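This is what each chain is made of:
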Amino acid sequence: MGTGRAGVRDWATAVGVAAILLVTGLSERHSAMYLDLLGYALLVAGGLGLAARRRAPVGVLAVTGLCAVGYQAAGFDVPAVAYLFAVYAAVRAGHHTVTVVASVIMLAALPVAALASGSHDAGEAFAQARGALELAWLIAAGAAGEALRQAERRAEEAERTREETARRRADEERLRIARELHDSLTHQISIIKVQAEVAVHVARRRGEQVPQALLVIQEAGREATRELRATLEALREDGAAPPRGLDQVAELVERARTSGLDATLTIEGHRHEVPSAVSGTVYRIVQESLTNIARHAATTTVSVRIDYCPGTLTIRVDDDGKAAPGTLPVPGAGLLGMRERVTALGGRLRAEPRGEGGFTVQAELPVDRTS
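Rules used in this analysis
- Going along each chain's sequence as written, the residues are numbered from 1 onward.
- Where local features are concerned, this predicted model is filtered to residues with pLDDT of at least 70; where side-chain atom pairs are given and counted, the filter is 80 or more; whole-chain, interface and lining totals use all residues.
- Only heavy atoms go into the side-chain values, all of them from the structure, while hydrogens and water stay out.
- A pair of strands is treated as paired once DSSP finds two or more bridges between them.
- Secondary structure is summarised from DSSP: a helix means a run of H or I of at least four residues, a strand means a run of E of at least two, and numbering begins at the N terminus for each.
- Geometry is summarised by axes, namely lines fitted to C-alpha atoms with helices restricted to the contacting stretch, and by angles between N-to-C directions that run from 0 to 180 degrees.
- Contact definition: two residues touch when any of their heavy atoms are within 4.5 Å.
- Accessible area is worked out with a 1.4 Å probe on protein chains only. A residue is then buried under 20% of its type maximum, exposed over 50%, and partly exposed in between.

Neighbouring strands of a sheet are bound in pairs by backbone hydrogen bonds; such pairs are parallel or else antiparallel. Strand order in the open sheet formed by five strands is S1-S2-S3-S5-S4, with mixed pairing between adjacent strands. Across the chains shown, the open sheet's two edge strands, defined by having one partner strand only, are strand S1 (262–268) and strand S4 (348–353). Within this sheet the neighbouring strands show an average axis-to-axis angle of 10°, counted without direction. Sheet analysis places strand S2 (residues 301–309) next to strand S3 (residues 312–319), joined by eight bridges and oriented antiparallel. Within S3, the position partnered with aspartate 307 by the bridge is threonine 314. Contacts between helix H8 (residues 249–258) and the sheet are confined to S1 and S2, with S1 contributing the most and set at about 160° to the helix.

Below, the structure is given as structure tokens:
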């Protein structure tokens, strides 16, 4: 398909150049009829020869050069346009040395042919050769510009293809990890959770005191199930699934309430659209903060505050748990993940005990409202 289109373009170029040369030749007046016919034939042959410039660039270079010298000797004052196209084709095919040698010979032969025709004196003949050289530079500049444009387009296409390939491989790897997690962990965690809940249920039906360790195992199983489900959902998210963001923060707070926390959500400022990366980061910060509070804070009160400020979006999650002022937080995976997300967006994260007791997580994220 591509070869066929290239052949059609080559023939179209050849016919067009031949027509231009012939029309230019017909516009001149000549005295000897046999020379006229020979000149016209050489003009047409030089143009039509360009149809084979991809298959035989050196041969076409020689044919167009001889035709140009021939019709110059026959008295046709027509620029060697076909030869210039042949030079471009030969250079593009990699025949640099042959092209340079042939072009030097042509620059010397054209004035001699013009002198042999008897229609020019020496000055006019060399001026004509200089004009042909100027035309060659003009065509070369245009050809170089087009070649550069094509190269840039191919480079952009190659970069886009690489990005698409990398994105597809990342999606495949993410789905593979999700399958591995599902196959290796879901079943075992479900067994632990079910067995712990059965043991607690049986103990209560018998009127026995439920061991604290068993209650801890039961709650840990529930939490592990929730986290694993959330992780698998995040891994399986693709362009077709709506991403989790600011609009789902209220669901997180409501879910915290159903688990026994006195959770409140406050939104201040004029709400506006924010980039999806910022929106997703807000959701993950609130999610991780509420998870940590349920696990470690030993509190029943938590407040989530979102402030829309000019140029920034601020998220603050406070609890009144057991964290004492001056103590350093344990750098777990959750805090590390939050810090990495915020830093990647050029924001700032503060996670530390509050002076009045409890713990606070505050993030400031830059918002480019033009994005």
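Let us now look at the side chain of threonine 281. Position of threonine 281 relative to the elements: it lies in helix H9 (residues 276–297). By relative accessible area, which is 4% here, threonine 281 ends up buried. Setting aside residues no more than four positions away along its own chain, threonine 281 makes contact with Arg341, Val342, Leu345 and Leu365.

Glancing now at the environment of aspartate 262. The residue aspartate 262 is located in strand S1 in this model. Since its relative accessible area comes to 47%, aspartate 262 is described here as partly exposed. The sequence separation of aspartate 262 and threonine 299 amounts to 37 residues, and the corresponding C-alpha distance is 9.1 Å. Those residues in contact with aspartate 262 that lie beyond four places of it in its chain are Thr300, Thr301 and Val302.

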